[in-house]
Amino acid sequence: MGRCAMMFTLITGASMGIGEAFARHFSRGGHNLVLVARSGERLQALAEELRQQNGVEVKVCVEDLGDGQSPERIYEFCRSQHAGVDFLVNCAGLSRAGDFDDIPIGKLEEIMMVNMTAMAKITRLFLPDMVARRAGSIVNVASLGGLQGVPGLGLYSATKAFVLTLSEALYEELQGKGVRVVAVCPGFINTGFFERAGHNSANLRLPISETGVVVKAAIKGLKNNKVRVFPTLIDVALVFSQRLVSRKIVIRIAGFIAAVRDN
Ligand SMILES: NC(=O)c1ccc[n+]([C@@H]2O[C@H](COP(=O)([O-])OP(=O)(O)OC[C@H]3O[C@@H](n4cnc5c(N)ncnc54)[C@H](OP(=O)(O)O)[C@@H]3O)[C@@H](O)[C@H]2O)c1
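Residues numbered from 1 in each chain as written. Predicted model: local features only at pLDDT ≥ 70, side-chain atom pairs only at ≥ 80, totals over all residues. Heavy atoms only, no water.

Some words on the pattern of salt bridges
1) Next: In the structure shown here, the tally under the stated rule is eleven salt bridges.
2) Next: When the shortest N-O distance is used, the salt bridge between Arg38 and Glu110 registers 3.7 Å. With Arg38 in the loop between strand S2 (32-37) and helix H2 (40-54) and Glu110 in helix H4 (residues 105-133), this pair connects stretches of sequence that are 72 residues apart.
3) Next: A relative accessible area of 56% places Arg38 in the exposed class.
4) Next: Given the relative accessible area of 21%, Glu110 is considered partly exposed.
5) Next: One network of salt bridges, in which partners are shared, links Glu20, Arg24 and Glu49. (Salt bridge = Lys/Arg side-chain N within 4 Å of Asp/Glu carboxyl O. Helix = DSSP H or I, 4+ residues; strand = E, 2+ residues; numbered from the N terminus. Buried < 20%, exposed > 50% of the residue type's maximum accessible area, 1.4 Å probe, protein only.)

Dropping the structure here:
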């Protein structure tokens, strides 16, 4: 991308939940924003609110990340708007509760496209400009579920393992290049995500936190040059406890906590 008048923070999945919380936080901090999701009306309403509240520039890019060409269109949108991106938050994601052999093939493809393909392609498209400027930050929203296979959320947990693994490799590749990347691994967050996945959040066997803990952990992680961060003390304790038991037990406990299946 050529010379840009202004720099922007691009957030996928900005229409609700954790992505919206990132948008609100960064706009309060004076970031100009590019908001990406499918829900155009929600994005427009949020954009208008943030412009008025915080005096920042907010661009709306309505895209379905389940469409394989959407990352290229998002990159072109930013180019055409002369919006340089020096901060990227890959937050869009979805899940589906149930055993792997029950997931409709179309839903399987959608989950993989949004959680992995779009996240990887968007990062690949915007990263060279960040490296060329020697300035950039990337937050990848992974999950505690990405640390092991979660029975009842097998595909979802595998997609989040992808996010985490790619972030780790990128972290090392980007050392000394002026670009930071952090993977934030939330436990359970109050957004309606589980209901949208056909999973009753009342069944979850861990406390549910608010979106702010994810935003705070990600920003602290970037500042402290961490490769991955866990938003709550319970998340940290769970990660640590994995060292103490066998892998089979780790997987069984993850399934018990997520409580999608009859345990
Ligand atoms: N909630 C949790 O407990 C939790 C825990 C760990 C990790 N996470 C991760 O955090 C991220 C955000 O989750 P959330 O809890 O905020 O969920 P959410 O409230 O359901 O929000 C998901 C966001 O992703 C967007 N999205 C979904 N499919 C899309 C598509 N095909 N194209 C474009 N955008 C799409 C949605 O926008 P549209 O519907 O408008 O397109 C929405 O903005 C996800 O990656 C999730 O895996 C969540």
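Comments concerning the packing of helix H3 (residues 70-80) against H4
1) Next: Running from N to C, H3 and H4 point in directions that differ by 30°, and their axes come no closer than 9 Å. Crossing geometry of H3 relative to H4 is assigned as right-handed. Between H3 and H4, the residues in contact are Pro71, Glu72, Ile74, Tyr75 and Cys78 and Ala118, Lys121, Ile122, Leu125, Phe126 and Asp129, respectively.
2) Next: In terms of residue class, the contact of H3 with H4 is made up of eight nonpolar, no polar and three charged. (Axes fitted to C-alpha atoms, helices over the stretch in contact; angles between N-to-C directions. Left-handed = near helix turned anticlockwise from the far one by under 90°. Contact = heavy atoms within 4.5 Å. Nonpolar A, V, L, I, M, F, W, Y, C, P; charged D, E, K, R; others polar.)

Things to note about the packing of H4 against helix H5 (residues 154-173)
1) Next: Between H4 and H5, whose axes approach to 9 Å, the crossing angle comes to 15°. Comparing the axis directions of H4 and H5 gives the class roughly parallel. Every pair of crossing elements has a handedness; the one defined by H4 and H5 is right-handed. Counted together, Leu108, Ile111, Met112, Asn115, Met116, Met119, Ala120, Thr123 and Leu127 of H4 and Leu155, Tyr156, Thr159, Lys160, Phe162, Val163, Leu166 and Leu170 of H5 form the full contact between these two elements.
2) Next: Counted by class, the contact of H4 with H5 contains 13 nonpolar, three polar and one charged residues. (Parallel < 35°, antiparallel > 145°, perpendicular 65-115°, else oblique.)

Points about empty space enclosed by the protein
1) Next: Under the defined criterion, the tally for this structure stands at one cavity of 30 Å³ or more.
2) Next: Lining the largest cavity are 13 residues, and of these Asn90, Cys91, Ala92, Val114 and Met119 lie nearest its centre.
3) Next: Sorting the residues of the lining of the largest cavity by element identifies H4 and H5 as the ones contributing at least two each.
4) Next: A per-element tally of the lining of the largest cavity places H4 first, with five residues. (1 Å grid on protein atoms, 1.4 Å probe; cavity = no way out; pocket = protein on both sides within 12 Å on 5 of 7 lines; lining within 4 Å. Points joined across faces, edges and corners; volume = space filled by probe spheres on them.)

That's the geometry; what it means functionally is another story.
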